[in-house]
Amino acid sequence: MSNANALSDVPVKLYRNPKSGHCHRVELMLALLEVPYETVDLDMANGAHREPAYLKLSPLGQVPAIEDNGITLSDSNAIITYLVERYGDPALWIGNKPLEKAQVQRWLSIAAGEIAAGPCAARLVTVFGAPLDHEAAKTKAYGLLTMMDAHLEDRDWLAADRPTLADIAGYSYIAHAPEGGVSLDPYPHVRAWLVRIEALPRFIGMARSPVLA
Ligand SMILES: N[C@@H](CCC(=O)N[C@@H](CS)C(=O)NCC(=O)O)C(=O)O
């Protein structure tokens, strides 16, 4: 008999930066699925993510990465997919109909594409001092938010009639967009969607980060 959904004997180990939305995405999924986990905060300012031992876990030298009962995995969207397949109900979180699964995948691509290049990049400038084009990132963020607000006008969730990986992957950087100088004020449907995610049982947030002067 399959034991695929049994919880680990040992907690999942999450390597993270507590200010990273990519890491929060994984932590939120762990919390919603009630998977026991522990966090390891990497000293990224001093290059801990480029140490040879860490590169074995995350070959691109990025957070997040996880260790779980002998397996290692990097990339936030890959990790949340793994967690749902391993510990959750994939039919709920990913779907089991071709179009629904494809819609979830579409939003995972948007999270890795437009969300990373828009609200995430804008926040990298203001919170971490990254040498990126802030105005270009804000323009991308506002374009994305305009699309999302229209999309959410007549639906509660991004990809299905219930929360899916699409919503989890999208949440963190949209919720924290104001830290990047991107206002959510003009987007009432996006703000209502954020509130719905925050009302999910066992939701955990990410601490607000101070912005650089
Ligand atoms: N595609 C990756 C992107 C993760 C990512 O960009 N992580 C950033 C922190 S938010 C990082 O580790 N940057 C360090 C570097 O690239 O040197 C994912 O989804 O996990």
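Residues numbered from 1 in each chain as written. Predicted model: local features only at pLDDT ≥ 70, side-chain atom pairs only at ≥ 80, totals over all residues. Heavy atoms only, no water.

## What to know about helix 8 (residues 188-198)
An α-helical segment advances 3.6 residues per turn. Residues three or four places apart therefore align on the same side.
And then number 1: All buried positions along helix 8 are accounted for by Val190, Trp193, Leu194 and Ile197. Along the axis of helix 8, the buried positions cluster into a sector of 100°, meaning they face one direction only.
And then number 2: Buried residues in helix 8 make contact with helix 6 (134-151) and helix 7 (165-175). (Buried < 20%, exposed > 50% of the residue type's maximum accessible area, 1.4 Å probe, protein only. Helix = DSSP H or I, 4+ residues; strand = E, 2+ residues; numbered from the N terminus. Arc of directions from axis to C-beta. Contact = heavy atoms within 4.5 Å.)

## Quick notes on the UniProt feature "domain: GST C-terminal" (unreviewed entry) in the chain
And then number 1: Taking the numbering used here, the UniProt-annotated feature "domain: GST C-terminal" (unreviewed entry) corresponds to residues 97-213.
And then number 2: Segment residues 97-213 splits into 61% helix and 0% strand. End C-alpha atoms: 48 Å apart. (UniProt positions renumbered as here; feature names shortened; annotations may be inferred.)

## Overview of the nonpolar core
And then number 1: The biggest cluster of nonpolar side chains holds 52 residues, and the ones touching the most others in it are Met29, Leu165, Ile174, Val190 and Trp193.
And then number 2: Broken down by secondary-structure element, the contributors of at least two residues to this core are strand 1 (12-16), helix 1 (21-32), helix 3 (76-87), helix 5 (98-128), helix 6, helix 7 and helix 8.
And then number 3: No other element matches the nine residues that helix 5 contributes to this core.
And then number 4: Inspection of this core shows a minimum of three residues originating in each of domain 1 (3-88) and domain 2 (92-198). (Core = buried A, V, L, I, M, F, W, Y, C linked by side-chain atoms within 4.5 Å. Domains from an automatic or database assignment.)

## Brief notes about the pattern of salt bridges
And then number 1: What the rule picks out here adds up to ten salt bridges.
And then number 2: Where Arg202 meets Glu34, a salt bridge forms, and the shortest distance between an N and an O atom there is 3.7 Å. You can see Arg202 sitting in the segment after helix 8 and its partner Glu34 sitting in the loop between helix 1 and strand 2 (37-41), a full 168 residues away along the chain.
And then number 3: Given a relative accessible area of 52%, Glu34 falls into the exposed group.
And then number 4: Between Arg123 and Glu179 there is a salt bridge, with the nearest N and O atoms lying 2.7 Å from each other. With a gap of 56 residues between them, Arg123 in helix 5 and Glu179 in the loop between helix 7 and helix 8 connect regions that are remote in the sequence. (Salt bridge = Lys/Arg side-chain N within 4 Å of Asp/Glu carboxyl O.)

## Some thoughts on the site of the ligand
And then number 1: Close to the ligand lie Ser20, His22, Met44, His49, Arg50, Gly61, Gln62, Val63, Pro64, Asp75, Ser76 and Tyr173, which account for all nearby residues.
And then number 2: Ser76 has a polar side-chain atom sitting 2.6 Å from an oxygen atom of the ligand.
And then number 3: Compared with its free state, where it exposes 510 Å², the ligand has 72% of that area covered by protein.
And then number 4: Here the residues of the shell around the ligand sort into four nonpolar, six polar and two charged. (Near = heavy atom within 4 Å. Polar contact = N/O pair within 3.5 Å; in protein donor to acceptor, adjacent residues only side chain to side chain. Areas by Shrake-Rupley, 256 points an atom, 1.4 Å probe, with all protein chains shown as cover. Nonpolar A, V, L, I, M, F, W, Y, C, P; charged D, E, K, R; others polar.)

## What about the packing of aromatic side chains?
And then number 1: On inspection of all chains with the given rule, the structure shows three aromatic pairs.
And then number 2: When the ring of Tyr15 is compared with that of Tyr54, the centres are 5.8 Å apart and the planes differ by 55°; the resulting orientation is tilted. With Tyr15 in strand 1 and Tyr54 in helix 2 (residues 52-57), this residue pair connects regions lying 39 residues apart in the sequence.
And then number 3: What makes Tyr15 buried here is its relative accessible area of 12%.
And then number 4: For Tyr54, a relative accessible area of 5% corresponds to the buried category. (Phe/Tyr/Trp six-rings, centres within 6.5 Å; stacked < 30°, edge-to-face > 60°.)

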